[in-house]
Amino acid sequence: MTDPPVGDVPAGDPSAGYGPPPGYGPGYGPHPGYGPPPGYGPPPGYGYQPVPPGYGYPAPGYGYAPHPAGPPQDKPSNNLGWAIAAIFLFWPLAIPAFIYSGKVDTAWNMGDRLGAESASRSARLFGLIALVVGVALIVLVIIWAIVLLAFVADTVHNLPTFTVTTQPT
């Protein structure tokens, strides 16, 4: 038998560069013909990797504002009901009532207890003023309607009457 010419390598020779390298034969892993040779672990980067210090969430107790000393305070009411009532009674006062009602939660979440209480009182005040003005306007409209109906009734009662008589010819 003669040696193959220079540059020609038989197809089954692993040094030829054709086909999978030794140990990567068919039937290995989820994809036949691919994967590491038996006996090796997974490639690096798979599984749990420890987080280097200085990354991730801060340790508990850091990054939070200290709580004020003393007993816990109850959040003041935002008086949203007064703001809603103001819409139906006297809507121009409903606008500031809603604005102050929204400021209660914002001030409380920022830790401004006095600001939250002040905004709560203001929202309630605008709601109460809307109640008074609305009820006064309703009373005035009812009085105006009664006066108008009385005037119409008096006018109708005192209408001059015309009698038509026929003249004999």
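Everything that follows concerns the structure shown earlier in this document.
Cut-offs applied
Residues numbered from 1 in each chain as written. Predicted model: local features only at pLDDT ≥ 70, side-chain atom pairs only at ≥ 80, totals over all residues. Heavy atoms only, no water. Helix = DSSP H or I, 4+ residues; strand = E, 2+ residues; numbered from the N terminus. Contact = heavy atoms within 4.5 Å. Areas by Shrake-Rupley, 256 points an atom, 1.4 Å probe, with all protein chains shown as cover. Buried < 20%, exposed > 50% of the residue type's maximum accessible area, 1.4 Å probe, protein only. Patch = residues over 30% accessible without salt bridge, like charges linked within 9 Å, V, L, I, M, F, W, Y side chains within 5 Å. Salt bridge = Lys/Arg side-chain N within 4 Å of Asp/Glu carboxyl O. Expected span 1.5 Å × (residues − 1). Phe/Tyr/Trp six-rings, centres within 6.5 Å; stacked < 30°, edge-to-face > 60°. Axes fitted to C-alpha atoms, helices over the stretch in contact; angles between N-to-C directions. Parallel < 35°, antiparallel > 145°, perpendicular 65-115°, else oblique. Left-handed = near helix turned anticlockwise from the far one by under 90°. Nonpolar A, V, L, I, M, F, W, Y, C, P; charged D, E, K, R; others polar.

Novice: If you had to explain the overall build of the protein chain to someone new, which residues and values would you point to?
Specialist: Secondary structure summary: the protein chain contains 3 helices and 0 strands in total. Each helix (α) and strand (β) of the protein chain, taken in turn from the N terminus, gives the series α-α-α. Long-range pairs, those at least 24 residues apart, make up 47% of the contacts in the protein chain with a sequence separation of at least 6. Working note: accessible area of the protein chain is about 14200 Å², and carbon and sulfur atoms make up 68% of it.

Novice: Let's hear about the side chain of Ser-120: which residues, and what values?
Specialist: Here Ser-120 shows up in helix α3 (residues 113-157). Note on Ser-120: relative accessible area 8%, which makes it buried. In this structure, Ser-120 is in contact with Pro-76, Ser-77, Asn-79 and Val-104, ignoring residues within four places of it in sequence.

Novice: Tell me about a nonpolar patch on the surface, and name the residues and values.
Specialist: A cluster of nonpolar side chains, contributed by Leu-131, Val-135, Leu-137, Val-139, Leu-140, Ile-143 and Val-147, occupies part of the molecular surface with about 570 Å² of accessible area. Mapping Ile-143 onto the fold places it in helix α3. A residue is classified by how much of its surface remains accessible, and Ile-143, at 46% relative accessible area, is partly exposed.

Novice: Which residues make up helix α2 (residues 94-109), and what values do they have?
Specialist: Helical periodicity: at 3.6 residues per turn, an α-helix aligns residues three or four positions apart in one direction. For α2, built from 16 residues, the straight-helix expectation of 22 Å at 1.5 Å per residue is met to within 8% by its first-to-last C-alpha distance of 23 Å. Every buried residue of α2 is listed here: Ala-94, Pro-96, Ala-97, Ser-101, Val-104 and Ala-107. Looking at the packing, one finds that the buried side of α2 touches α1 (80-89) and α3. Just downstream of α2 lies Gly-111, where phi reads positive at about 90 degrees.

Novice: So, the packing of aromatic side chains: which residues are in play, and what are the values?
Specialist: All told, the structure shown has 1 aromatic pair when counted by the stated rule. Considering the side-chain rings of Tyr-100 and Phe-126, the 5.8 Å spacing of their centres and the 10 degrees angle between planes classify their relative orientation as stacked. Linking Tyr-100 in helix α2 with Phe-126 in helix α3, this pair joins segments that are 26 residues apart in sequence.

Novice: Pulling in residues and values, what's your account of the pattern of salt bridges?
Specialist: Tallying each qualifying case throughout the model produces 2 salt bridges. For Asp-105, the salt bridge identified is with Lys-75, shortest N-O distance 2.7 Å. Of this pair, Asp-105 sits in helix α2 while Lys-75 is found in the segment before α1, placing the two residues 30 residues apart along the sequence. A residue is classified by how much of its surface remains accessible, and Asp-105, at 27% relative accessible area, is partly exposed.

Novice: Any details on the environment of Glu-117? Residues and values, ideally.
Specialist: Mapped onto the elements, Glu-117 comes out in helix α3. C-alpha separation for the pair Glu-117 and Lys-103, spaced 14 residues apart in sequence, amounts to 9.8 Å.

Novice: Got a sec to walk through the packing of α1 against α2? Specific residues and values, please.
Specialist: Taken N-terminus to C-terminus, the directions of α1 and α2 make an angle of 165 degrees; their axes are 8 Å apart at the nearest point. By the angle between their directions, the pair α1 and α2 is classed as roughly antiparallel. When the axes of α1 and α2 are compared, the crossing they make is left-handed. Residues Leu-80, Ala-83, Ile-84, Ala-86 and Ile-87 of α1 form the contact with α2, whose participating residues are Ala-94, Ala-97, Phe-98 and Ser-101. Its residues assigned to classes, the contact of α1 with α2 comprises 8 nonpolar, 1 polar and no charged.

Novice: How would you sum up the packing of α1 against α3? Please name residues and give values.
Specialist: Direction vectors running N to C along α1 and α3 enclose 25 degrees, while the axes themselves pass 8 Å from each other. In terms of orientation, α1 and α3 fall into the roughly parallel class. Pair α1 / α3 crosses with left-handed handedness. Between α1, through Trp-82, Ala-86 and Leu-89, and α3, the contact on the second element is made entirely by Ala-123, Arg-124, Gly-127, Leu-128, Ala-130, Leu-131 and Gly-134.

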